[in-house]
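Report on the structure
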Amino acid sequence: MAQARISAKASEGAQQQHQQHQQQQQQSGGQLRGRFYRSTSMADRSSRLLENLDQLELRVEAFRDAASAMEQEKEILLEMIHNIQNSQDMRHISEGEREELNLTANRLMGRTLTVEVSVETIRNAQQQESLLHATKMIDEIVNKLLDDLEDAKMRLMSLYGACTSDVPAGPIDQKFQSVVIGCAIEDQKKIKRRLETLLRNLENSEKSITLLEHQKSSVRQPCNSKQD
């Protein structure tokens, strides 16, 4: 009897150990499967999030480009209004018509100025220093425009030649070119646009001066004829 009880207990213990071992295997397998499924799910989520961010990056760049285009459009509109106000045609109409047109031009300029568009350029310390240097070089020429218009124009053209990939018509300011290369890409575009605007304004000024001189000479000739 005692031997039978011992055998029964031994068998019972073996069965319990076997059951515990099976439970441990099931738990271990479940954990492995759970980890495996979690890992796959995390990879899918990460891939979807990365794809969304890639799409958003394209939209952000398009948004910045659109804002930059609006900045340029504002500059162009202001320049065009200013040119109309200072055109020769405005000087050869009646005072009443000129006053009315100036009121309209001022109204348009005021409405244009109410639109605030600003695209900040991300720069490192070197790019910031290069931008300040390039701006200073342009300002120095602009401040001497009235002293020697022709010399200022030639110097601005040499600066502009340093900013364009086209074959320049004249000499290039190598020092200015090295400074501009150190600027951020967006700043390089703005510097080029500023020089283009300055050269256009100078060209318009020269045309006005030439036309004015021609008118003066035309007035002098009849006067001289009368004196003869």
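Since we're looking at a predicted model, the values are computed, not measured.

**Description of the overall build of the protein chain**
Along the backbone of the protein chain there are seven helices and zero strands. Each helix and strand of the protein chain, ordered N terminal to C terminal, gives the series α-α-α-α-α-α-α. Within the span of the protein chain, comprising 228 residues, buried residues form 19% of the whole. Counting only contacts in the protein chain whose residues sit at least 6 apart along the sequence, the fraction spanning at least 24 positions is 73%. Accessible surface computed for the protein chain: about 17500 Å², of which carbon and sulfur atoms make up 54%.

**A closer look at helix α6 (residues 174–181)**
Residues F176, V179 and V180 constitute the buried set of α6. On an axial view of α6, the arc spanned by its buried residues comes to 95°, and they lie on one face. Those residues of α6 that are exposed and aimed more than 90 degrees away from the buried face are Q174 and I181. Residue D173 occupies the N-cap position of α6, its side-chain oxygen lying 3.2 Å from the main-chain nitrogen of K175.

**Points about the state of the cysteines**
What the rule picks out here adds up to zero disulfides. With no disulfide of its own, C163 lies closest to C183 among cysteine sulfurs, the gap being 8.8 Å. Taking relative accessible area as the criterion, C183 reaches 4% and is therefore assigned buried.

**Considerations on the UniProt feature "coiled-coil region" (unreviewed entry) in the protein chain**
What UniProt calls "coiled-coil region" (unreviewed entry) maps, in this numbering, to residues 46–73 and 185–215. Between the end C-alpha atoms of residues 46–73 there is a gap of 40 Å, over a span that is 100% helix and 0% strand.

**Some words on helix α4 (residues 125–142)**
With 18 residues, α4 extends 26 Å from end C-alpha to end C-alpha; this agrees with the ideal 26 Å at 1.5 Å per step. Within α4, the full set of buried residues consists of S130, L131, A134, M137, I138 and I141. Along the axis of α4, the buried residues cluster in a sector spanning 130°; they form a single face. Opposite the packed face of α4, turned more than 90 degrees from it, sit the exposed residues A125, E129, L132 and K136. One side-chain oxygen of the residue at the start of α4 lies 3.2 Å from the amide nitrogen of Q126, identifying that residue as N124.

**Some remarks on a negative patch on the surface**
On the surface, a cluster of negative charge is made up of E51, D54, E57, E61 and D65. Take D65: it is sitting in helix α1 (residues 2–85).

**What to know about the pattern of salt bridges**
Following the criterion strictly, the structure yields five salt bridges and no others. E79 serves as the salt-bridge partner of R200, at 2.8 Å between the closest nitrogen and oxygen. Within this pair, whereas R200 is found in helix α7 (residues 185–227), its partner E79 is found in helix α1, the two being separated by 121 residues in sequence. Among the ionic pairs, D187 bridges to R123, the shortest N-O distance being 2.5 Å. Placement of D187 in helix α7 and of R123 in the loop between α3 (95–113) and α4 is noted, with a sequence separation of 64 residues between them.

**A short note on the nonpolar core**
Of all hydrophobic cores here, the largest spans 20 residues; its most connected members are I138, L156, L159, C163, F176, I191 and L195. Where this core is concerned, the elements lending two or more residues are α4, α5 (149–161), α6 and α7. When residues no more than four places from it in sequence are discounted, the contact partners of F176 are A134, M137, I138, L159, A162, C163, I191 and L195.

**Here's the deal with the side chain of T112**
For T112, the position within the fold is in helix α3. Given a relative accessible area of 13%, T112 falls into the buried group.

Rules used in this analysis
- Per chain, the residues get numbers from 1 upward, laid out in the order the sequence is written.
- For this predicted model, a pLDDT threshold of at least 70 governs which residues receive local features, and a threshold of 80 or more governs which side-chain atom pairs are given and counted, while totals over whole chains, interfaces and linings are taken from all residues.
- Hydrogens and water are ignored here; the side-chain numbers use all heavy atoms of the structure.
- Put simply, DSSP H or I for four residues or longer makes a helix, DSSP E for two residues or longer makes a strand, and each gets a number counted from the N terminus.
- Exposure classes here rest on a 1.4 Å probe applied to the protein chains alone. A residue is buried below 20% of its type maximum, exposed above 50%, and partly exposed in between.
- Contacts are assigned to residue pairs that have any heavy atoms within 4.5 Å of one another.
- What sets the accessible areas is the Shrake-Rupley method with a 1.4 Å probe; for residues, cover comes only from the shown protein chains.
- Arc definition: it is the arc formed by the directions from the helix axis to the C-beta atoms.
- Side-chain atoms alone can form a polar contact between residues adjacent in sequence; in general such a contact is a pair of N or O atoms within 3.5 Å, and within protein one must be able to donate a hydrogen while the other accepts it.
- Cysteine sulfur atoms that come within 2.5 Å of each other are treated as a disulfide pair.
- UniProt positions are given in the numbering used here, feature names are shortened, and annotations may be inferred rather than shown by experiment.
- Helices are assigned an expected span. That span is 1.5 Å times one less than the residue count.
- Patch definition: residues with relative accessible area over 30% and no salt bridge; like charges joined within 9 Å; nonpolar side chains (Val, Leu, Ile, Met, Phe, Trp, Tyr) joined within 5 Å.
- Just to be clear on terms, a salt bridge is a Lys or Arg side-chain nitrogen sitting within 4 Å of an Asp or Glu carboxyl oxygen.
- Counting rule applied: Lys, Arg positive; Asp, Glu negative; His and chain ends not counted.
- In plain terms, the charge of a residue is placed at NZ if it is Lys, CZ if Arg, CG if Asp and CD if Glu.
- In plain words, nonpolar cores are sets of buried Ala, Val, Leu, Ile, Met, Phe, Trp, Tyr and Cys residues tied together by side-chain atoms within 4.5 Å.

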